[in-house]
Amino acid sequence: MATKKQPASRWHDGTTPVEDLPETEQIAHELVIERRDLAPSVERIMDAEISDDQRNQAMTMFRDSLSQDGDPNRDPRVAIATATAAG
């Protein structure tokens, strides 16, 4: 039985399990696969000149904001600024 190839994104080429990616790249990949319209926001966070820990925090806040009405972290610039201010 053939296995289904995982969809590709900028952060995952589909040749290895998503679980093998760093957490931030897993979040980025899953967000753009589920909702392509979020790609510019995800790219803004992933391309920001911040530390890996800050990027992970910003990406997590952005993802979590999608299910919270009125969450200011829905704006990737706010998520980046908040993560940067937090340390």
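Residues numbered from 1 in each chain as written. Predicted model: local features only at pLDDT ≥ 70, side-chain atom pairs only at ≥ 80, totals over all residues. Heavy atoms only, no water.

1. Looking at the overall build of the protein chain
Here is the rule: Numbered from the N terminus, helices here are DSSP runs of H or I no shorter than four residues, and strands are runs of E no shorter than two. Note on classification: 1.4 Å probe, protein chains only; a residue is buried when its accessible area is under 20% of the maximum for its type, exposed when over 50%, partly exposed between these limits. What sets the accessible areas is the Shrake-Rupley method with a 1.4 Å probe; for residues, cover comes only from the shown protein chains. Positive charges come from Lys and Arg alone, negative charges from Asp and Glu alone, with His and the N- and C-terminal ends not counted. The atom standing in for a charge is NZ when the residue is Lys, CZ when it is Arg, CG when it is Asp and CD when it is Glu.
Counting its regular elements, the protein chain contains 4 helices and 0 strands. For the protein chain, the succession of helices and strands along the chain, N to C, is α-α-α-α. Its C-alpha atoms put the protein chain at 50 × 25 × 15 Å along the principal axes. Evaluated residue by residue, the protein chain yields a buried proportion of 37% over its 87 residues. Per element, the accessible surface of the protein chain, about 5,500 Å² overall, is 47% carbon and sulfur. The distance from the centre of the 10 positive side-chain charges to the centre of the 17 negative ones in the protein chain is 6 Å.

2. Focus: the packing of helix α2 (residues 39-47) against helix α3 (residues 52-65)
To keep things clear, this is the line we draw: Angles shown run from 0 to 180 degrees and are taken between the N-to-C directions of axes, each axis being a line fitted to C-alpha atoms and, for helices, limited to the stretch in contact. For classification purposes, angles smaller than 35 degrees are called roughly parallel, those larger than 145 roughly antiparallel, those between 65 and 115 roughly perpendicular, and all remaining angles oblique. Handedness of each helix crossing follows the sense of rotation of the near helix against the far helix: counterclockwise by less than a right angle gives left-handed, clockwise gives right-handed. Between two residues, a contact is recorded if the distance between any of their heavy atoms is within 4.5 Å. In this classification, the charged set is Asp, Glu, Lys and Arg, the nonpolar set is Ala, Val, Leu, Ile, Met, Phe, Trp, Tyr, Cys and Pro, and all remaining amino acids, among them Gly, are polar.
Where α2 contacts α3, the axes come no closer than 9 Å and their chain directions differ by 160 degrees. Considered as vectors, α2 and α3 are oriented roughly antiparallel to each other. The handedness of the crossing between α2 and α3 is right-handed. Listed contacts from α3 to S41, V42, I45, M46 and D47 of α2 are R55, A58, M59 and F62. Residues that form the contact of α2 with α3 fall into these classes: 6 nonpolar, 1 polar and 2 charged.

3. Describing the pattern of salt bridges
The criterion, for reference: Salt bridges are counted wherever a side-chain nitrogen of Lys or Arg sits within 4 Å of a carboxyl oxygen of Asp or Glu.
For the structure shown, the criterion picks out 3 salt bridges. A salt bridge links R35 to D37, with the shortest nitrogen-to-oxygen separation between them at 2.9 Å. Among the salt bridges present, the one from R63 reaches D64, with a minimum N-O distance of 3.2 Å. With a relative accessible area of 37%, D64 lands in the partly exposed category.

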